Amino acid sequence: MQLKFLTKTFSIKKMFRTHTNGELSLSHINQKVTLAGWVQTIRDKGFVIWVDLRDRYGITQLVFDAERTPKEVLEQAKQLGREFVIQVSGAVIERSSKNPKIPTGDIEILVEELTILNEAELPPFTIEDETDGGEELRMKYRYLDIRRNPVKDKLIFRHQMAQKVRNYLSDEGFIEVETPVLIKSTPEGARDFVVPSRMNAGQFYALPQSPQTFKQLLMIGGMDRYFQIVKCFRDEDLRADRQPEFTQIDCEMAFVEQEDVLNIFEGLTATLLKEVTGKDFGHFPRMTFAEAMKTYGNDKPDIRFGMKFVELNDVTKGKDFKIFDEAELVVGINVEGCAHYTRKQIDTLIDWVKRPQIGATGMVWVKFQEDGVLTSSVNKFYSEEDLKIIAEKFGAKAGDLMFIMSGDTQKVRTQLSALRMGLGNQLGLRKGDEFAPLWVVDFPLLEWDEESGRYHAMHHPFTSPKVEDITLLETEPGKARANAYDLVLNGNEIGGGSVRIFNKELQAKMFNLLGFSQEEAEAQFGFLMNAFKYGAPPHAGIAFGFDRLVAILDGNEVIRDYIAFPKNNSGRDVMIDAPAPIAQEQLDELALKVETEA
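Reading guide: rules and limits
- Residues numbered from 1 in each chain as written.
- Predicted model: local features only at pLDDT ≥ 70, side-chain atom pairs only at ≥ 80, totals over all residues.
- Heavy atoms only, no water.
- Helix = DSSP H or I, 4+ residues; strand = E, 2+ residues; numbered from the N terminus.
- Buried < 20%, exposed > 50% of the residue type's maximum accessible area, 1.4 Å probe, protein only.
- Areas by Shrake-Rupley, 256 points an atom, 1.4 Å probe, with all protein chains shown as cover.
- Lys, Arg positive; Asp, Glu negative; His and termini not counted.
- Charge placed at Lys NZ, Arg CZ, Asp CG, Glu CD.
- Expected span 1.5 Å × (residues − 1).
- Contact = heavy atoms within 4.5 Å.
- Pairing = 2+ DSSP bridges.
- Axes fitted to C-alpha atoms, helices over the stretch in contact; angles between N-to-C directions.

**Brief notes about the overall build of the protein chain**
Check the secondary structure of the protein chain and you find 17 helices and 22 strands. Once the C-alpha set of the protein chain is aligned to its principal axes, its extents read approximately 95 × 75 × 60 Å. When burial is assessed residue by residue, the protein chain has 49% of its 598 residues classed as buried. When the accessible surface of the protein chain is totalled, it reaches about 30,200 Å², and 50% of it is carbon and sulfur. Between the averaged position of the 73 positive side-chain charges in the protein chain and that of its 92 negative side-chain charges there is a distance of 3 Å.

The following block contains the structure:
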């Protein structure tokens, strides 16, 4: 078979390259080599042409010399453009002007043969580490963006982490099993993406938000230890760390308790962290949900820095400051070494927490100045002696700045948490190359939803209550704690799971608490309840957000560049222009009617 479209015809059996563009060195001097790749840059001095040839392994400089290169090859070289795909053969020679910034910087190739495999139009942005292409443009031409090192390296890093995960779990006795992608829609959790069925008119599949019920069925099937690096789908509003389709490391284990799961997956995370940092992390700290909320204002705290919450009701109330006196909670943080902040800087922070996204009505500040004097924005109500008591409560010292907020407990904790994280970023305390893993345990089993007037599962309806809290389901279900756990890394939840209900009666009680009628529970989950009849073992599991985990391990929080072909913030793939309308013929086959605007 011959490749006729090539400038030079040759047998497909011939090697396109003997080496990659990242491996040649002085040890290869005088060797005849064949390379292939894309033209990165061209420097034409008339009598000599230098070309940087790129592939995913690196860059090698080519030289076309009027004295040493065949005339016809030199003429071909003059026709080259950026991103042309070429093949060259020639001798490895030592460079006179070396480039220590690249591994191949000591050598170059004196080209003897040149084949233009494919010409290329000028790209819409430069294929370089520092490109002139905006995000939307690069998303539209994502296949070009992938040629750039910052994106290419992230995808390679993702691959390396996936291999580590597979190796670790396989060594721990886990079996990788694929579960269905076309499943049944369920009312709990986020919105499903639905898929109409042509062969079952008027009926729909859903794309899985997770393989939850299937992995439980695998435990009933005796698989014992299951894992899957699996695509999941949620029709949610997007943000930097969320995509409509994402990847989970999904795992389940039979005949285990919570401690077994935490030990195995602490080991997995520590293995990945050591791969990245070279450090051993030892046992991860643990914190209850209640402690996390009281100390940091959220259930995924970043413990790389301080600013722990200090509750101040006992030292701030009764001073005729109405805002504090009427508040359910007065709470603050101490920002060490920031008493030098100007009034303008403080006002900027106050305006920041008053934004609709955070919703605070204001904020009080107290300065412990370097000369030991205490002053505040509420000097009218609090004497210096009062401020001294407040500063002692914070454990503040000269040079520190305290911020205090008040209001309903849940709201003010959320608002102060946002401030703490914002200051952590502003002060450079959230460093991408520092890692602080943390287990958060003992979540509430249920949360009350005022709008629907019923309980919702904090995790999902298959989560078991803690054994000692089962009796609360009859009397005070809102106080029952879940046998659930989240793994937090640098202020991000990277994994979450629970011990599952494996008893049919307890599962039925859970469905009832969540407002399912017996008929609804049977229609949605009858297959699982039926499976419980045949000997369900005790089981538990966890799922990691793989995209997010990889990004954080690489020192980032934005997941988009770690996904080969991501969606934009509107959930669109601007490269292939999806989602898109489908033909009327397809709609008719699916018995679907689409309303169009007049």
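**Some details on helix H12 (residues 409-426)**
Under the 1.5 Å per step criterion, the end-to-end length of H12 is 26 Å for 18 residues, consistent within 8% with the ideal 26 Å. Buried within H12 we find Thr409, Val412, Arg413, Gln415, Leu416, Ser417, Leu419, Arg420, Met421, Gly422, Leu423 and Gly424. In this structure, the buried side of H12 is in contact with helix H7 (289-296), strand S12 (310-311), strand S13 (329-335), helix H10 (343-353) and strand S16 (401-407). The first or second residue beyond H12 is Gly428, which carries a positive phi of 70 degrees.

**Brief notes about the sheet that holds strand S15 (residues 374-376)**
Across the sheet, five strands lie side by side as S12-S13-S16-S14-S15; this open sheet has antiparallel pairing. Pairing within the sheet leaves two strands with one partner each, and these edge strands are S12 and S15. By the bridge criterion, seven bridges tie S13 to S16 in an arrangement that is antiparallel. Bridging from a neighbouring strand, Leu329 pairs with Gly407 of S16. Relative to S15, helix H11 (residues 384-394) is tilted by about 95 degrees, and along the sheet it contacts S12, S13, strand S14 (364-368), S15 and S16.

**Observations concerning the sheet that holds strand S22 (residues 539-545)**
The mixed open sheet is built from eight strands, whose spatial order is S6-S9-S10-S22-S21-S20-S17-S11. Bordering the open sheet on either side are strand S6 (175-176) and strand S11 (286-288), each of which pairs with just one other strand. Note that strand S10 (residues 245-254) and S22 share seven bridges and pair antiparallel. Its bridge partner being in S22, Asp250 is matched across the sheet by Ala543.

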